[in-house]
Amino acid sequence: MLAPLPPNDWSLDHAAHLLNRAGFGGTPEQVRAFHSLGLDAAVGLLLSARDNRLAPPAWTNDPGSLRRQAMMMMPAGNSGDSGPDADRRREAIRDAMREEREHIVELRRWWLERMRSGGQPLVEKMTLFWHGHFATSVVKVRSAWAMWRQNQTLRENALGSFRSMLQAMARDPAMIRWLDLNRSKAGAPNENFARELMELFTLGIGHYTEDDIKQSARAFTGHTVSPATQEFFFARRAHDYGEKRFMGRSGRFDGDGIIDIILDQPQCARFIAGRLWEFFAYENPEPGLLDAAAFTLHGSNYQIAPLLGSMFRSSAFYSKRAVRTHIKSPVEWLVQTCVDLETGLPASPALDIALEQLGQALFQPPNVRGWEGGRSWISSSTLVLRYNLAGYLVGATDPAARRLFNRRLVAPVDIAKLAPASLREQPQALADALVFRLFGATRSALLRTRAMACVADAAQPISDTKARSIFQRLMSTPDYQLS
Amino acid sequence: MARPTLHTRRKFLRTSILGGAVAWTLPAFIDRTFAALDAGAAGSLVQTATGRDGPILVILQLSGGNDGLNTVIPYADDAYHRARPRIGVPEKSVLRLCDHAGLHPRLPKFAQLYGEGHATVLQGVGYPNPNRSHFRSMEIWQTASDADRVEPHGWLGRYFDNCCKGQDPAVGISLGAQMPQAFSAAEPMGIALENPGRFRFAEGSEVMRDAPAESSNDGGSIGALAGGTTSDLDAFHYIERVALDAQVASDRISEIVRRHPAAGNYPHSRLGQDLQLVSQLIAGGMPTRVYYVSIGGFDTHANQAGVHEQLLGQLDDALAAFTADLRTQGNFDRVLLLTFSEFGRRVQENGGGGTDHGTAAPMFLLGGGVRPGLAGSAPSLTDLDAGDLKHTVDFRSVYATLLEKWLRVPGDKVLGRKFPTLGFI
């Protein structure tokens, strides 16, 4: 059991911290309202909030796109490479590929809008966690529809049973293509999925043998995708029904049998609890804390919500090791910036260019391990871009960013609301308001002093343009990269 | 707005960014760097000695596990053709290096460079107790650790730490938005460069113009609010340091890119473009010792033949253009490029026309300073370890050779112990 935070300690700063980590931040009004609930109810609200009002793009229901899918999956250039038929076919494939690219752009925006709207912040944050955990890229899957299906599966299981999640991932069309399960058959198993299942999805390196990989690869043979429906299909003729030796047990295991044995290992609970702790709280958690978190996860038969609830109520989650030590991922940075500035997401293609350049193109993780996170988000290249983008989003005069993106692509910021006239004549009050809005901190003397120095730099009176510049400066700091 | 003078810029670095308690992060190179910039601004463009004369190492990472056996092909060995009935390269199309090994047919330009004596092919490179995880094996290669030990810093990071103290942060440049683990160091060094056109802090705003000159923040916004420090602000200091390095390097890089327009006839591939930028920076006299470039897509579990051929083709075209360009510049003799991948692939092809993760593989070394030819011995295709090749050369011997004979620093200081050096330099 993780030691809980004493209810009386629950402060505005804690509320802001919880919203930043379990969701994508909040405006000052939202943080105050969230704080007024009290810790227990605030966590309860995060765990229970559901909001599916933002509907996915229409093509997700379009069977026509499935036909195009099937066509793209066919090996090119087998039947007659010349003649009008081949030309038409090539042109159709080109069109289909262009459409796929457009669909992925729409899908990204749809998901980011869900994060931005804040209707179910924890579900969307956990979906982002699972996307990094079961990192699958459209570059190999080549189907926006399959990526959407996987995204929905991750969302549906986001706070539920990890066992159901694993079973669903072993049957997920995008995953099946991504890790070559569709090319694995009895007699010639492909080890790609079996290896990553243990190394990255459940146990971590060093907790299985090369023979465990070979044996379990046999158990997942037959998991494939139906060309007609693009849905999971169990190909009996490709499945290896023979006996397998796996982690000290023998039997005619299928894929679910292997998943059950993996989940029996205490290491699996420890691994997943550690991944969650690092994502939400801080890196390298204390061993005792990890034991407690793993115990909770194992004891609830791998239900995710109870573990998250005890994490978000724990005192460790609000400790010095946790608060303002997390380097925001590009998605967190961008969505949270739009929340902080109470503005909409930039239009395409600025949105896509920004996230790609910052190093986190959704549906396109660099490899199956997902994004490294932490310090690897910050390099000289990405930091320059973050600083410049901050100026662009807040509408400060900013020639370098203008070269990058067309100004019309950015939603306007209501600077009169963010920096009200009533505060502009009182530098310390303005600085405090900005620190609360941008850093969720009311108690940090350090941040207040820094912000005050910045506000004081601007001679009175503070025009709208100056106010935007003050925002730009506060956001172009190491502090703003942290949450 | 006129660009601020270098004088105010220097003052800015000292006062606004690094004021107060964080001044300890101020590296010693700053004065030297700004002295060079002052000279550049005065029109003389005096380069520091390291920028024009020193040896340069270009590391080219092939991510995903390049199939070594279909790159350098043991065409005369029946075991090769038996193990690869579908994806084996037929003997007649192999580009022969000798009477038993040859290059993949999609490497004709590299074969020509090899023939002209500009390249070494080093066979059988790996390490004891090989790991078949992409991530762990890549980590082993990047940190030069033993397979059973975890080393926090990269081998090039340790080179920066031990041998380049106080130098310009651009002593290492990685092409791409992220830094390779090989660069990670106790004290962060190195620059990640994705797009030189965008590698500029936005110019100042009204606040900056209004402020008195003494506290002018011409960099727009870097960490302008420096203050005290607390023990839990490690991430903060890391970011602050990156911001400072970026500020210093972006000045220099923009200047070089402006003065030395892209030359050469490079392919449009990402690799081609990256190598072109490396060549531009070399031509401009960047004080960079190590450039890091990568190309991905080598994890060929299924339907390998077409994909692998295409990747090797990209590699071949880019290496040829890079070589030609450096020779025109007159810098080919002081540049050494090497390729590596986290592992080779299994000898036996799998049921899907691909190959699974394996172990040892060849490396390419390219440059005017290499002793050309086929080096190392090719692993046996019949004496295998669980279906995989047994390495004949430890990759840390390659690193030791590069450190001692090319960068001319003591290898054991970087690698932790002595590894025998090889004869390829």
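(A) Structural view of the overall build of chain B. A tally of helices and strands in chain B yields 13 helices and 12 strands. Residue burial in chain B is summarised as follows: out of 425 residues, 61% are buried. When contacts within chain B are restricted to residue pairs at least 6 apart in sequence, long-range pairs at least 24 apart make up 73% of them. With an accessible surface of roughly 14900 Å², chain B has 52% of that area assigned to carbon and sulfur atoms.

(B) Broad picture of empty space enclosed by the protein. Residues and elements named next belong to chain A. Tallied over the full model, the rule gives six cavities of 30 Å³ or more. Of the voids in this model, the largest cavity is the one considered here, and its volume is about 110 Å³. Every residue lining the largest cavity is counted, 17 residues in all, and those nearest its centre are Asn20, Asp340, Arg437, Phe439 and Gly440. Elements with a minimum of two residues in the lining of the largest cavity: helix 1 (12-22), helix 17 (330-340) and helix 23 (427-439). Examining the composition of the lining of the largest cavity, we find that four residues originate from one element, helix 23, more than from any other. Lining the lining of the largest cavity are residues from two domains, each supplying at least three of them: domain 1 (7-48 + 265-318) and domain 2 (327-483).

(C) Inspection of the pairing of strand 9 (residues 335-341) of chain B at higher detail. Residue and element names in this part refer to chain B. Taken across its seven residues, strand 9 has seven buried, putting it largely inside the fold. Of the two faces of strand 9, the one lined by Val335, Leu337, Thr339 and Ser341 and the one lined by Leu336, Leu338 and Phe340 are each fully buried. Where strand 1 (residues 56-62) lies against strand 9, seven bridges are found, and the strand directions are parallel. By the bridge assignment, Ile59 is partnered in strand 9 with Leu338. Relative to strand 10 (residues 361-367), strand 9 runs antiparallel, the two being bridged by three bridges. The residue bridging Leu338 from the neighbouring strand is Leu365, located in strand 10.

(D) Representation of the environment of His326 of chain A in the model. All names here are of chain A. As for its placement among the helices and strands, His326 is situated in the loop between helix 16 (304-312) and helix 17. Distance from His326 to Glu278, taken between C-alpha atoms, is 9.3 Å for residues 48 residues apart in sequence. If we skip the residues at most four places from it in the chain, His326 touches Arg21, Phe279, Glu332, Gln481, Leu482 and Ser483.

(E) The arrangement of the sheet that holds strand 4 (residues 102-103) of chain B in detail. All names here are of chain B. Pairing within the open sheet is antiparallel, and its three strands lie in the order 2-4-3. Either end of the sheet is taken by a strand with one partner, and the two such strands are strand 2 (72-73) and strand 3 (95-96). As defined by bridge partners, strand 2 adjoins strand 4 across two bridges and the pair is classed as antiparallel. Note that in strand 4 the partner of Val72 across the bridge is Leu103.

(F) Expanded view of the packing of helix 18 (residues 350-358) of chain A against helix 19 (residues 380-394) of chain A. Residue and element names in this part refer to chain A. Where helix 18 meets helix 19, the closest approach of the two axes is 9 Å, and the angle between their N-to-C directions is 150 degrees. On the basis of the axis angle, helix 18 is roughly antiparallel to helix 19. At the point where helix 18 passes helix 19, the crossing takes the left-handed sense. Facing Ala350, Ala354, Gln357 and Leu358 of helix 18, the residues of helix 19 in contact are Thr382, Leu385, Arg386, Leu389 and Tyr392. Classifying every residue of the contact of helix 18 with helix 19 by side-chain character gives six nonpolar, two polar and one charged.

(G) Local environment of the side chain of Asn20 of chain A. Residues and elements named next belong to chain A. As for its position among the elements, Asn20 is in helix 1. The class of Asn20 is buried, set by a relative accessible area of 12%. Once you skip the residues sitting within four places of it in the chain, Asn20 turns out to touch Gly25, Lys125, Gln336 and Ser483.

(H) Expanded view of helix 16 of chain A. Residue and element names in this part refer to chain A. The buried fraction of helix 16 is high, at seven of nine residues. For helix 16, the set of buried residues is Ile304, Leu307, Leu308, Gly309, Ser310, Met311 and Phe312. In the core, the buried residues of helix 16 are packed alongside helix 1, helix 3 (39-48), helix 6 (121-133), helix 9 (162-170), helix 14 (266-280) and helix 15 (287-299).

(I) How the structure looks around the pairing of strand 8 (residues 290-295) of chain B. Residue and element names in this part refer to chain B. Within strand 8, five of the six residues are buried, which leaves the element mostly enclosed by the surrounding structure. Pairing of strand 6 (residues 172-175) with strand 8, which is carried by three bridges, proceeds in the parallel orientation. Bridging from a neighbouring strand, Ser174 pairs with Tyr292 of strand 8.

(J) Region of the structure containing the side chain of Ser133 of chain B. Locating Ser133 of chain B in the fold gives a position in the loop between strand 5 (119-126) and helix 6 (134-143). Judged by its relative accessible area of 1%, Ser133 of chain B is buried. A distance of 3.1 Å separates a polar atom in the side chain of Ser133 of chain B from the backbone nitrogen of Arg136 of chain B. In contact with Ser133 of chain B, not counting residues within four places along its chain, are Arg195, Glu199 and Ile205 of chain A together with Met138 and Phe343 of chain B.

(K) Geometry of the state of the cysteines. Residues and elements named next belong to chain B. Taken as a whole, this structure holds zero disulfides over all chains when the rule is applied. Note on Cys164: no disulfide assigned, nearest cysteine sulfur contributed by Cys163 at a separation of 5.9 Å. A relative accessible area of 1% means that Cys164 is categorised as buried.

(L) Spatial organisation of the packing of aromatic side chains. Residues and elements named next belong to chain A. In the structure shown here, the tally under the stated rule is 27 aromatic pairs over all chains. Plain terms: the ring middles of Phe193 and Phe220 are 5.0 Å apart, the flat faces sit at 70 degrees to each other, and that makes the pair edge-to-face. Taken together, the residues span a long stretch of sequence, with Phe193 in helix 11 (residues 192-202) and Phe220 in the loop between helix 12 (210-219) and strand 1 (223-225) at a distance of 27 residues.

(M) Here's a closer look at helix 6 of chain B. All names here are of chain B. With 10 of its 10 residues buried, helix 6 lies for the most part within the structure. All buried positions along helix 6 are accounted for by His134, Phe135, Arg136, Ser137, Met138, Glu139, Ile140, Trp141, Gln142 and Thr143. A distance of 3.2 Å separates the backbone nitrogen of Phe135 from a side-chain oxygen at the start of helix 6, and that oxygen is part of Ser133. At the exit of helix 6 stands Ala144, carrying a positive phi of roughly 55 degrees.

(N) A look at the packing of helix 17 of chain A against helix 19 of chain A. All names here are of chain A. For the pair helix 17 and helix 19, interaxial distance at closest approach is 11 Å and the crossing angle is 20 degrees. The angle between helix 17 and helix 19 places the two elements in the roughly parallel class. Judged by the sense of rotation from one axis to the other, the crossing of helix 17 with helix 19 is right-handed. Packed against helix 17, whose contacting residues are Pro330, Trp333, Leu334 and Thr337, the element helix 19 presents Arg386, Leu389, Ala390 and Leu393 at the interface.

(O) Molecular detail of the pattern of salt bridges. Residues and elements named next belong to chain B. On inspection of all chains with the given rule, the structure shows 48 salt bridges over all chains. Note that Arg106 and Asp317 form a salt bridge whose closest N and O atoms lie 3.4 Å from each other. Here Arg106 is found in the loop between strand 4 and helix 5 (108-115), whereas its partner Asp317 is found in helix 11 (residues 304-329), with 211 residues between them in sequence. Judged by relative accessible area, which is 27%, Arg106 ranks as partly exposed.

Calculation notes
Residues numbered from 1 in each chain as written. Chains lettered and ligands numbered in written order. Predicted model: local features only at pLDDT ≥ 70, side-chain atom pairs only at ≥ 80, totals over all residues. Heavy atoms only, no water. Helix = DSSP H or I, 4+ residues; strand = E, 2+ residues; numbered from the N terminus. Buried < 20%, exposed > 50% of the residue type's maximum accessible area, 1.4 Å probe, protein only. Contact = heavy atoms within 4.5 Å. Areas by Shrake-Rupley, 256 points an atom, 1.4 Å probe, with all protein chains shown as cover. 1 Å grid on protein atoms, 1.4 Å probe; cavity = no way out; pocket = protein on both sides within 12 Å on 5 of 7 lines; lining within 4 Å. Points joined across faces, edges and corners; volume = space filled by probe spheres on them. Domains from an automatic or database assignment. Pairing = 2+ DSSP bridges. Axes fitted to C-alpha atoms, helices over the stretch in contact; angles between N-to-C directions. Parallel < 35°, antiparallel > 145°, perpendicular 65-115°, else oblique. Left-handed = near helix turned anticlockwise from the far one by under 90°. Nonpolar A, V, L, I, M, F, W, Y, C, P; charged D, E, K, R; others polar. Polar contact = N/O pair within 3.5 Å; in protein donor to acceptor, adjacent residues only side chain to side chain. Disulfide = S-S within 2.5 Å. Phe/Tyr/Trp six-rings, centres within 6.5 Å; stacked < 30°, edge-to-face > 60°. Salt bridge = Lys/Arg side-chain N within 4 Å of Asp/Glu carboxyl O.

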